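A structural walkthrough
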Amino acid sequence: MRFRPWPKPEPYRDTSRKRAAFKRKQRLEREALPLFAEMIAARQHSLEEEKTRRHVWWEEQEHEQRA
């Protein structure tokens, strides 16, 4: 019986497609409820905060899966 090798763990990669998808998600959330757009925009976090949050989550998730 042959086993496939487990893929090497990689750090979180930030790509232009991921950044564009995040911006699009935030825009669609604001456009879904135009009367509350200002409140929704105030609650949303910046791209840099999201990138940091995902990087931390990625590390924790990798550690948890490999344990």
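This text goes with the structure placed above it.
What you are looking at is a predicted structure, and each value in this text was computed from that prediction instead of being measured. (Residues numbered from 1 in each chain as written. Predicted model: local features only at pLDDT ≥ 70, side-chain atom pairs only at ≥ 80, totals over all residues. Heavy atoms only, no water.)

**A look at the packing of aromatic side chains**
How two aromatic rings sit relative to each other is given by the distance of their centres and the angle of their planes. Summed over all chains, the structure comprises two aromatic pairs. By the ring-pair criterion, three or more aromatic residues cluster together here, those being Tyr 12, Trp 57 and Trp 58. (Phe/Tyr/Trp six-rings, centres within 6.5 Å; stacked < 30°, edge-to-face > 60°.)

**Structural notes on empty space enclosed by the protein**
Under the counting rule described, the total for this entry stands at one cavity of 30 Å³ or more. Of the volumes computed, that of the largest cavity is approximately 60 Å³. What lines the largest cavity is Tyr 12, Asp 14, Lys 18, Arg 19, Phe 22, Leu 47, Glu 50, Lys 51 and Arg 54. Within the residue set of the lining of the largest cavity, elements represented by two or more residues are helix H1 (16–32) and helix H3 (47–66). Ranked by residues supplied to the lining of the largest cavity, first place goes to H3 with four residues. Partitioned by chemical class, the residues of the lining of the largest cavity number three nonpolar, no polar and six charged. (1 Å grid on protein atoms, 1.4 Å probe; cavity = no way out; pocket = protein on both sides within 12 Å on 5 of 7 lines; lining within 4 Å. Points joined across faces, edges and corners; volume = space filled by probe spheres on them. Helix = DSSP H or I, 4+ residues; strand = E, 2+ residues; numbered from the N terminus. Nonpolar A, V, L, I, M, F, W, Y, C, P; charged D, E, K, R; others polar.)

**Quick word on the pattern of salt bridges**
Counted according to the given criterion, the structure contains eight salt bridges. Between Glu 29 and Lys 25 there is a salt bridge; the shortest N-O distance is 3.5 Å. Here Glu 29 and its partner Lys 25 are both found in helix H1, four residues apart, which amounts to about one turn of the helix. With a shortest N-O distance of 2.7 Å, Arg 53 and Glu 50 are connected by a salt bridge. Here Arg 53 pairs with Glu 50, and both are found in helix H3, just three residues apart, close to one helical turn. Residue Glu 50 is classed as buried on the basis of its relative accessible area of 5%. (Salt bridge = Lys/Arg side-chain N within 4 Å of Asp/Glu carboxyl O. Buried < 20%, exposed > 50% of the residue type's maximum accessible area, 1.4 Å probe, protein only.)

**Focus on the packing of H1 against H3**
For the pair H1 and H3, interaxial distance at closest approach is 11 Å and the crossing angle is 120°. By the angle class used here, H1 and H3 are oblique. Our pair here, H1 against H3, has a crossing hand that is right-handed. Facing H1, whose interface residues are Lys 18, Arg 19, Phe 22 and Lys 23, H3 presents Leu 47, Glu 50 and Arg 54. Partitioned by chemical class, the residues of the contact of H1 with H3 number two nonpolar, no polar and five charged. (Axes fitted to C-alpha atoms, helices over the stretch in contact; angles between N-to-C directions. Parallel < 35°, antiparallel > 145°, perpendicular 65-115°, else oblique. Left-handed = near helix turned anticlockwise from the far one by under 90°. Contact = heavy atoms within 4.5 Å.)

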